[in-house]
Amino acid sequence: MTTQSGATHDTPVRADCTIDTDGRIAFTLRPPAAVGSASPRLLLRLRPKKGQPEKALRHLDLEPSGDGRLRAVLEPSPALAEGRWDVYLLSEPGEPGERRRVRPGLRDLRALVDGQSRDWPAPVAVRVPYATKDGYLAVRAWLRRAHAEVEGVEVTDRSMTVRARLHGTTFAEEAAVRLRLRGGDGVVRTLSPRVASDGRGFSFTMDYGELATDHGTGNRVWDLSVQPQTQAQSAADAPGVRIGRLFDDVADRKEIYVHPAAVVGHVVVRPYYTVDNDLSVEVTAATA
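Summarised in this report is the structure supplied together with it. (Residues numbered from 1 in each chain as written. Predicted model: local features only at pLDDT ≥ 70, side-chain atom pairs only at ≥ 80, totals over all residues. Heavy atoms only, no water.)

1. Some remarks on the environment of Pro-40
Structurally, Pro-40 can be placed in the loop between β2 (25-29) and β3 (41-46). By relative accessible area, which is 7% here, Pro-40 ends up buried. For the pair Pro-40 and Leu-89, spaced 49 residues apart in the sequence, the C-alpha separation amounts to 7.4 Å. (Helix = DSSP H or I, 4+ residues; strand = E, 2+ residues; numbered from the N terminus. Buried < 20%, exposed > 50% of the residue type's maximum accessible area, 1.4 Å probe, protein only.)

Set out below in structure tokens:
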């Protein structure tokens, strides 16, 4: 028996899913689905933070697909809020009701592989179906007013060069790349990007020695963003656009895309992707 807390029946429910370039996801339940209602639905629930109540739900009607299976479609609009959405089967009418966690079947994510090849409009809405660590189906969603997509990272023993492209906005004059010290009470380092003629592509080089200066002890993390500047705002006041990598089929790249670390003086500098697939730099004291 399954309850809202997530326990499952002995026979798991599996769903294949296919996504297109617009972010439309089709879910198809494989037989036998053991559906106990004449009007079954899928439920997508935004995973709440620990100890917090759930706040966002999305219901999808399941319809016969003509081959004995049931199909539901998550349309691109309205966009999903940023976060992780767990997928459930509602086998009884009404809400609240019995929920069964859905396990992943085949996931066709080919439409996401070349996501870097097109310009994304504002707001930037990205969806990636994936299998959770405990073997269930979920959808990772990002929803941002703008985004800076990493297209390449070149690492040496002294520096890091990042190539990226803006989506959802363009550069104006006096743009800046910001390195903000996490938990550092507003400590920021500023770099000047090299902006391409189309006003979207840019690159910058970070000297590791500058991050090593006055590091002290312990760990420090610098989060990277770019401030394209609008005509109504100065670069210093404009909201930052986080630099990261979202436009492919990888929901969690922190443990997959690993960049080499460099020893600079008495510290180790390592660029990495966060749990949100954003680019950051970790600086730690070197050990003997």
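From this point, things continue past the structure.
2. Focus on the pattern of salt bridges
Side chains that differ in sign of charge can pair as their charged atoms come close. For the coordinates displayed, the defined rule picks out 22 salt bridges. One salt bridge connects Arg-165 with Asp-119, and the closest N-O pair in it is separated by 3.0 Å. Remark: Asp-119 occurs in the loop between β8 (99-108) and β9 (124-131) and Arg-165 occurs in strand β12 (residues 159-167); sequence separation between them is 46 residues. According to the relative accessible area criterion, Arg-165 is buried, its value standing at 17%. (Salt bridge = Lys/Arg side-chain N within 4 Å of Asp/Glu carboxyl O.)

3. Regarding the nonpolar core
Formed by 36 residues in total, the largest nonpolar core has its most connected members in Phe-27, Leu-29, Leu-42, Trp-85, Val-102 and Val-126. Ranked by residue count, the leading element in this core is strand β10 (residues 137-144), at five residues. By size, the runner-up hydrophobic cluster in this structure holds 32 residues, among which are Val-162, Leu-179, Leu-191 and Trp-222. (Core = buried A, V, L, I, M, F, W, Y, C linked by side-chain atoms within 4.5 Å.)

4. Re the packing of aromatic side chains
Counted by the stated rule, this structure contains four aromatic pairs. For the pair Trp-120 and Phe-247, a centre-to-centre distance of 4.3 Å together with 5 degrees between the ring planes defines the contact as stacked. With a gap of 127 residues between them, Trp-120 in the loop between β8 and β9 and Phe-247 in the loop between β18 (241-244) and β19 (262-264) connect regions that are remote in the sequence. Summarising the burial analysis for this pair, Trp-120 and Phe-247 share the class buried. Geometrically, the ring pair formed by Tyr-257 and Tyr-273 is edge-to-face, given 6.5 Å between the ring centres and 85 degrees between the ring planes. Of the two residues, Tyr-257 sits in the loop between β18 and β19 while Tyr-273 sits in strand β20 (residues 267-273), which places them 16 residues apart along the sequence. (Phe/Tyr/Trp six-rings, centres within 6.5 Å; stacked < 30°, edge-to-face > 60°.)

Treat this as a map of the structure, not an account of what it does.
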